[in-house]
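Coordinate analysis (summary)
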Amino acid sequence: MEFFKNISKIPYEGKDSTNPLAFKYYNPDEVIDGKKMRDILKFALSWWHTMGGDGTDMFGCGTADKTWGESDPAARAKAKVDAAFEIMQKLSIDYFCFHDRDLSPEYGSLKDTNAQLDIVTDYIKAKQAETGLKCLWGTAKCFDHPRFMHGAGTSPSADVFAFSAAQIKKALESTVKLGGTGYVFWGGREGYETLLNTNMGLELDNMARLMKMAVEYGRSIGFTGDFYIEPKPKEPTKHQYDFDTATVLGFLRKYGLDKDFKMNIEANHATLAQHTFQHELCVARTNGAFGSIDANQGDPLLGWDTDQFPTNIYDTTMCMYEVIKAGGFTNGGLNFDAKARRGSFTPEDIFYSYIAGMDAFALGYKAASKLIADGRIDSFISDRYASWSEGIGLDKDFKMNIEANHATLAQHTFQHELCVARTNGAFGSIDANQGDPLLGWDTDQFPTNIYDTTMCMYEVIKAGGFTNGGLNFDAKARRGSFTPEDIFYSYIAGMDAFALGYKAASKLIADGRIDSFISDRYSSWSEGIGLDIISGKADMAALEKYALEKGEVTDSISSGRQELLESIVNNVIFNL
């Protein structure tokens, strides 16, 4: 069945063409630098947005029909395959990427779900044999079902961790079956909403355990491609553990995973982390961790993940500049993790969107290649650092001096930065101040927010107090507070705020309700399957067996009770 009868194979017609169904800059078979453009750019279709995204958002239902003419889920899954391969062939796209549940939905039990997924991947494999189209990477959709409300690999429930491992095991098998050269871990709900109910250390340890299991199992079944982490700072959780490339590199190095994982960089995630797309690519490249790209763009005036098709030539040029500098793609490519806008709902809009994005990257590649050949930028950088012809080395005896205003500028809470330092044994000293949450710069105000000073001192007490560090008031009176007395008023305000914060934090710990709640929330990790996971006795095969036998695990999840815990903090602070 042909789904897009009014659309033929998209031709390349050149920059002067006015045909909306033609490429202006992307000529798939044009040879540049000894390679065809299709082999340089390695474009991929995203199964989730293209084949399933119907425009549904929190304010309204879908606007595009993505049923593909089928009401039965099993029949629709196969129809999606037929439609996807038609789109790829007509757009000269050689690759696709998938989440397991995008290919085939859940069917009640894990056993039935896996069986239906096998039917769909068999069907895809047959289509691959017919067409020569390939899988770039796969991943598991461990974030949308209610069982993942508190995370998958970072869930407080060991049962949910086991289920997640079983699902990832199957997704890895499907990726290998379809010839995928990458497997992606995206943060999903691997993060937190509040530190009041979170054991950050255990959650990070468990995420690393899951990744190590995945690597070991993947290699055991013949997966020779790259494992990727896709950084994202927030959404759907307040704070994602894979915040940005630098954060992920620290995580990988701490747990000895840096030799197995590379980065899958998404443009919109970079800007959500207050970085440029090029910055994230450059950090990955500089650290030998560049892998693959999710090609899209966000709206700079919006604070969420809009996943628009990329059309900004400045961004695509500097992206491809970094890709060329990295030596090009090996196992990775340019996956369009992008969706047409909700108001662009016709079948033709799928093609208009991909044409726009593919042309933008083709033009960006040509511009980047010319920029490098021009040589002026490289020459300038080389001259700028000419005095650094000899290395001086770095020692490893550093801890963190955390400033409150710097934390909020990085889109973190003050407590978050302190908790990360404490959890990693790197807490040292504090620059005590606060910023204005409505301003985007370093205002260095004297600290007067008792919530902040309380949770700061909570972390300090948990870290065992100060050793060589202390509370330095890196703060200044406002410009309008200019008299000598204002110096004293400012220090008195800040010192009183921290004295009160220390007393409140001490009482909060002595009260015990928050510590007790956290201990109970993670209790499944001290016995049964949780203890087996932590002690290294359970591998992915054992966890799959456990999950299949146990069945649905949503009932093992307890409420996060964030609002209750926040009320406890209020109760303590305002009853000193």
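The structure displayed is predicted, hence computed values, not measured ones. The residue numbering used here restarts from 1 in each chain and proceeds along that chain's sequence as written. Where totals are concerned, whole chains, interfaces and linings use all residues; where local detail is concerned, this predicted model gives features only for residues with pLDDT of at least 70, and gives and counts side-chain atom pairs only at 80 or more. Each side-chain value is worked out from all heavy atoms of the structure, with water and hydrogens disregarded.

1. Description of the overall build of the chain
Here a strand is any run of E in DSSP of at least two residues, a helix any run of H or I of at least four, and the numbering for each starts at the N terminus. Scanning the chain for helices and strands turns up 21 helices and 15 strands. C-alpha atoms define the radius of gyration, and 2.2 Å times the number of residues to the power 0.38 defines the globule rule. Computed over the C-alpha atoms, the radius of gyration of the chain is 26 Å, within 12% of the 25 Å expected from 2.2 N^0.38 for a compact globule of 576 residues. For the C-alpha atoms alone, the extent of the chain along its principal axes is close to 75 × 65 × 50 Å. Note on classification: 1.4 Å probe, protein chains only; a residue is buried when its accessible area is under 20% of the maximum for its type, exposed when over 50%, partly exposed between these limits. In the chain, which comprises 576 residues, the share counted as buried stands at 50%. Should any heavy atoms of two residues lie within 4.5 Å, those residues are counted as being in contact. Here the contacts in the chain between residues at least 6 apart in sequence split such that 78% fall between residues at least 24 apart. Shrake-Rupley sampling with a 1.4 Å probe provides the accessible areas, and residues are treated as covered by the protein chains on show and by no other component. Summed over all atoms, the accessible surface of the chain reaches about 26300 Å², with 53% contributed by carbon and sulfur.

2. Regarding the pattern of salt bridges
For this analysis, a salt bridge means a side-chain nitrogen from Lys or Arg found within 4 Å of a carboxyl oxygen belonging to Asp or Glu. Within this structure, the stated rule accounts for 31 salt bridges. The shortest N-O distance in the salt bridge between arginine 101 and glutamate 106 comes to 3.7 Å. What makes arginine 101 buried here is its relative accessible area of 10%. For glutamate 106, a relative accessible area of 28% gives the class partly exposed.

3. So, helix α11 (residues 313-325)
End to end, α11 covers 18 Å across 13 residues, agreeing with the expected 18 Å (1.5 Å per residue, within 8%). Within the span of α11, buried status applies to Thr316, Thr317, Cys319, Met320, Tyr321, Glu322 and Val323. For α11, the secondary structure elements touched by its buried residues are α1 (37-41), α10 (277-286), β11 (290-294), β12 (334-336), α12 (347-374) and α13 (376-384). Contacts described as polar in this section are N or O atom pairs within 3.5 Å, which, within protein, must combine one atom able to donate a hydrogen with one able to accept it, while residues neighboring in sequence count only if both atoms come from side chains. Where α11 starts, the residue carrying a side-chain oxygen 3.0 Å from the main-chain nitrogen of tyrosine 314 turns out to be asparagine 312. What a helix should span is 1.5 Å times the count of its residues minus one.

4. Some points on empty space enclosed by the protein
Cavity and pocket criteria rest on a 1 Å grid covering protein atoms alone: a 1.4 Å probe that fits but cannot get out defines a cavity, protein on both sides within 12 Å along at least 5 of 7 lines defines an open pocket, and an atom within 4 Å of a point defines a lining residue. Grid points are joined across faces, edges and corners, and a volume is the space filled by probe spheres set on the points. One pass over the full model with this rule turns up one cavity of 30 Å³ or more. Looking at the largest cavity, its volume works out to about 40 Å³. In terms of lining, the largest cavity is formed by Ala404, Phe414, Asn433, Gln434, Pro447, Asp452, Thr453 and Phe498. Its residues placed into classes, the lining of the largest cavity shows four nonpolar, three polar and one charged. Polar here means any residue outside two lists: the nonpolar Ala, Val, Leu, Ile, Met, Phe, Trp, Tyr, Cys and Pro, and the charged Asp, Glu, Lys and Arg; Gly therefore counts as polar.

5. Structural notes on the nonpolar core
For the purposes of this section, nonpolar cores are sets of buried Ala, Val, Leu, Ile, Met, Phe, Trp, Tyr and Cys residues that join through side-chain atoms within 4.5 Å. In this structure, Leu41, Trp47, Leu91, Phe96, Ile168, Phe185 and Ile293 are the most contacted members of the largest nonpolar core, which totals 153 residues. At 11 residues, the largest contribution of residues to this core is made by helix α7 (residues 200-220). Each residue touching leucine 41, except ones within four places of it in the same chain, is listed here: Tyr26, Met320, Phe329, Gly333, Leu334, Phe361, Ala362 and Tyr365.

6. Considering the side chain of lysine 169
With respect to the element layout, lysine 169 can be found in helix α6 (residues 158-177). For lysine 169, the contacting residues outside a window of four places in its chain are Tyr217, Met540, Ala541 and Glu544.

7. Side note on the packing of aromatic side chains
Geometry of aromatic contacts follows a simple scheme: Phe, Tyr and Trp rings, the Trp one being its six-membered ring, pair when their centres are within 6.5 Å, and the pair is stacked under 30 degrees between planes, edge-to-face over 60, tilted otherwise. Scanning the model with the defined rule gives 29 aromatic pairs in all. Summarising the aromatic geometry, the rings of phenylalanine 3 and tryptophan 68 are spaced 5.7 Å apart at their centres and angled 90° between planes, so their arrangement reads as edge-to-face. In this pair, phenylalanine 3 is assigned in the segment before β1 (31-32) and tryptophan 68 in the loop between α2 (47-52) and α3 (73-91), connecting sequence segments 65 residues apart. As far as the burial class goes, phenylalanine 3 and tryptophan 68 line up, both buried. Ring geometry for phenylalanine 23 against tyrosine 26: centres 5.2 Å apart, planes inclined by 90°, an arrangement best described as edge-to-face. Each member of the pair, phenylalanine 23 as well as tyrosine 26, carries the same accessibility label: buried. Here the aromatic residues Phe23, Tyr26, Phe43, Phe309, Phe336, Tyr354 and Phe361 are joined through ring pairs into a cluster of three or more.

8. Some thoughts on the layout of surface pockets
It is a probe the size of a water molecule, rolled over the atoms, that shows where empty space is left. Considered as a void within the structure, the second largest pocket measures approximately 1100 Å³ in volume. When residues of the lining of the second largest pocket are traced back to their parent elements, those giving at least two are β6 (182-186), α7, α8 (245-254), β13 (400-403), α14 (404-409) and α15 (414-423). A breakdown of the residues in the lining of the second largest pocket according to their chemical character gives 27 nonpolar, 13 polar and five charged.

9. Quick notes on the sheet that holds β13
Being paired, for any two strands, means DSSP has found at least two bridges between them. Overall, parallel pairing links the three strands, which are arranged β13-β14-β15 in an open sheet. Each of the sheet's edge strands pairs with one partner strand only, and the pair in question is β13 and β15 (471-472). In terms of strand pairing, strand β14 (residues 427-431) meets β15 through two bridges, oriented parallel. Paired with aspartate 431 across the strands is asparagine 472, a residue of β15.

10. Examining the state of the cysteines
In this description, the term disulfide denotes a pair of cysteine sulfurs within 2.5 Å. For the coordinates displayed, the defined rule picks out zero disulfides. Cysteine 282 supplies the cysteine sulfur nearest to cysteine 319, a cysteine that is in no disulfide, at a spacing of 12 Å. Residue classification places cysteine 319 among the buried positions, given a relative accessible area of 1%.

11. As for the pairing of β11
For β11, the buried fraction is high: five of the five residues fall into the buried class. In this structure, strand β10 (residues 261-266) lies alongside β11, joined through four bridges in parallel fashion. Looking across to β11, one finds that methionine 263 is bridged to phenylalanine 290. Relative to β12, β11 runs parallel, the two being bridged by two bridges. Residue pairing across strands places isoleucine 293 opposite leucine 334, the latter belonging to β12.

12. Quick word on a nonpolar patch on the surface
There is a patch of nonpolar side chains on the surface, built from Ile377, Phe380, Ile381, Tyr385 and Trp388 and spanning about 570 Å² of accessible area. Along the chain, phenylalanine 380 falls in helix α13. A residue is classified by how much of its surface remains accessible, and phenylalanine 380, at 56% relative accessible area, is exposed. Each patch is assembled from residues with relative accessible area greater than 30% and no salt bridge, linking like charges that lie within 9 Å and nonpolar side chains (Val, Leu, Ile, Met, Phe, Trp, Tyr) that lie within 5 Å.

13. Re the environment of arginine 209
Residue position: arginine 209 is located in helix α7. Arginine 209 gets classed as partly exposed once you look at its relative accessible area, which sits at 22%.

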